[in-house]
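As a plain string of letters, each chain reads:
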Amino acid sequence: MTFRRLAAPRQGGIFAVFLLLLLAAAPAFACDLAAAPTTRWRITQVKGDAWLVTPCGARFFARGVNVLDGGASGDGIDRPHYAWQRFAPSLPAWIAAARRRLREWDFNSAGAWSLPPQQLQLPTVINLELGRLAKFHWFDPFAPATARRVYAEARRLTAPYRGTPYRIGYFSDNEVGWWGGALFHFFSAKPAGNVTKRHWVALLRRRYHGDWRRFAADFVPPAGVRSWAARLRAEKPTRLRPGGEGSAAVAAWTAAVAEHYYALTAAAIHAADPAALFFGDRLPIYYDPAAVRAEARHVDAFAVNYDVDGPEGWVAPYFFNGLRALGAGKPVLVSEWFYAARQNRSGNRNNGHLMTVETQAERAAGAAAAAENFARLPNLLGLDWFQYYDYPQGGRADGEDYDFGLVDINDQPYRRLVAALTAANRRLPMLHAAARPRSRPALAGFTVPEAAIDPAHRSLIDWPKPETLLPPFRTAAGAVPFGEAYLSWSDAGLALATIGQGYYDQELLAFDGAFP
């Protein structure tokens, strides 16, 4: 490992290169879908980069917007909120105006929770909420009746979209999460008549070769339960024994349920609409490796809702590198990303942990940089901004309250934001065409750059992240790094930062006192 000072970037020739790329850029709506020879969208790889292919046969890098619904998400809220009736004489007039805006801002598609694509006349991936409506999760997923409901709901939910070339494909659900500990804990307490509970016991018996004592060394059964038969009958949870090796069994259960979910939803969606692509269930910012491996066997591409990692637009490589490793290179659609600012015209409080900056100028700069960082990921198919308009004044019905809109609740665009995103959107296809996997040197060859870091900023905004990013962490076999580290030096000493996350279900672990 060596140390170096960062040199000033060389800029000669860069402007000319980008000027040529911009002159060569294709318009956002190049394919006349209404006259397309087929309704089928495809996915292809060109020089290692993933692309959607339209029914016209053209490559397509999606720049979409979620919640193009005219304001329907605010229905039933009595506080000031976005509603098309305030801005247009009819819904078709509002759609035409919104579509013109998106064309001007170089967006080319719609995302989840939008009006039907035939109405919008925009390519769209539709969120079905299939598992939720068919009562797959947290009921009895392995019961035969569940499969029948999934097939029936898939036919019903896809019916409005079959046969239109504006339909790219479907999300089965939104942010299932696959919280493995909660999944294990929940079904361990179901009654013996629950088919999934019987699958749970059978899986554990197989893993422990029927040896109850080995199982009890890794788990704490309910009081008085001393056999597999008693464990099936007991309606109290089994918990993880501290110091044991039960985590692998928890992951195996997650994999089993996820495999059943993805196999079933994929089969049902493809049976209902054979020409559609399947994008899975819009993973949240956290993903479970066992579930992702199962998903990769059944989806055409992963969808993930992503919270950008820095106010200046940094996208942490570990997250997408992990998806690529677990999914054997399966492509990814960023189905939701966003920036909010405390300075906004809708009165949004930005009341949680999601990406929020102080001003609209910071929001515009960060969002444009993030869009370009996304496009540089070779396995990305596109990205959908969340969302078209701001949340209602005082927040949504569930209390979440953010300035996420391209426009405020009075339909006025955030000019800095849309100008920055327009300029970025025009560059994204060219940036993506030049995208290549990012490789990091081994630690022995890593050069530590100089950087003045101010810990008081409480973010990574001071860090020259590409230069200071350390080589990937080493993990146990079958795992992927779920975080990364950055190292720099200055006259004050060494500075180390991390971006990473994990998920642990506190209720699953048996412990007394403080969480260990």
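Quick caveat, the model's predicted, so the values are computed rather than measured.

Enquirer: Requested: an account of the sheet that holds strand S2 (residues 42-46), with residues and values cited.
Expert: Spatial ordering of the open sheet is given by S2-S3-S4, a layout of three strands whose pairing is antiparallel. The open sheet is flanked by S2 and strand S4 (59-60), the only strands paired with a single partner. When strand S3 (residues 49-53) meets S4, the two strands line up antiparallel, connected through two bridges. Across the sheet, leucine 52 pairs through a bridge with phenylalanine 60, a residue of S4.

Enquirer: Residues and numbers for the pairing of strand S12 (residues 302-305), please.
Expert: Across the two faces of S12 the burial is the same, with Phe302 and Val304 and Ala303 and Asn305 all buried. With four bridges joining them, S12 and strand S13 (residues 332-337) adopt parallel strand pairing. Across the sheet, the residue bridging to phenylalanine 302 is valine 332, located in S13.

Enquirer: Give me unusual backbone geometry: which residues, what numbers.
Expert: In this chain, phenylalanine 386 is followed by glutamine 387 through a cis amide linkage whose omega measures 10 degrees. Within the secondary structure, glutamine 387 is located in the loop between strand S16 (380-385) and helix H14 (415-433). For tryptophan 138, which is not glycine, the phi torsion reads 65 degrees and is therefore positive. Topologically, tryptophan 138 is positioned in the loop between helix H4 (130-133) and helix H5 (144-158).

Enquirer: I'd love a proper account of the side chain of aspartate 49, names of residues and values included.
Expert: Its place among the elements puts aspartate 49 in strand S3. Judged by its relative accessible area of 1%, aspartate 49 falls in the buried class. Separated by 3.0 Å, the side chains of aspartate 49 and arginine 436 make a polar contact. In this structure, aspartate 49 is in contact with Thr44, Pro378, His432, Ala433, Ala434, Ala435 and Arg436, ignoring residues within four places of it in sequence.

Enquirer: Could you give an account of the environment of aspartate 403, with specific residues and numbers?
Expert: For aspartate 403, the position within the fold is in the loop between S16 and H14. Among the residues examined, aspartate 403 registers a relative accessible area of 0% and is labelled buried. Along the sequence, aspartate 403 and phenylalanine 338 sit 65 residues apart, while their C-alpha atoms lie 9.3 Å from each other. When near neighbours in sequence (up to four residues on either side) are disregarded, aspartate 403 contacts Tyr339, Ala340, Ala341, Gln343, Asn344, Asn348, Asn350, Gln360, Arg363, Asp390 and Tyr414. In this structure the side chain of aspartate 403 is engaged in a polar contact, spanning 3.4 Å, whose partner is the side chain of tyrosine 414.

Enquirer: Got a sec to walk through the pattern of salt bridges? Specific residues and values, please.
Expert: Scanning the model with the defined rule gives 17 salt bridges in all. Where arginine 297 meets glutamate 259, a salt bridge forms, and the shortest distance between an N and an O atom there is 2.9 Å. Linking arginine 297 in the loop between helix H11 (289-296) and S12 with glutamate 259 in helix H10 (residues 247-272), this pair joins segments that are 38 residues apart in sequence. Glutamate 259 gets classed as partly exposed once you look at its relative accessible area, which sits at 24%.

Parameters at a glance
- Residues numbered from 1 in each chain as written.
- Predicted model: local features only at pLDDT ≥ 70, side-chain atom pairs only at ≥ 80, totals over all residues.
- Heavy atoms only, no water.
- Pairing = 2+ DSSP bridges.
- Helix = DSSP H or I, 4+ residues; strand = E, 2+ residues; numbered from the N terminus.
- Buried < 20%, exposed > 50% of the residue type's maximum accessible area, 1.4 Å probe, protein only.
- Polar contact = N/O pair within 3.5 Å; in protein donor to acceptor, adjacent residues only side chain to side chain.
- Contact = heavy atoms within 4.5 Å.
- Salt bridge = Lys/Arg side-chain N within 4 Å of Asp/Glu carboxyl O.

Scope: geometric values only; no functional claims are made or implied.
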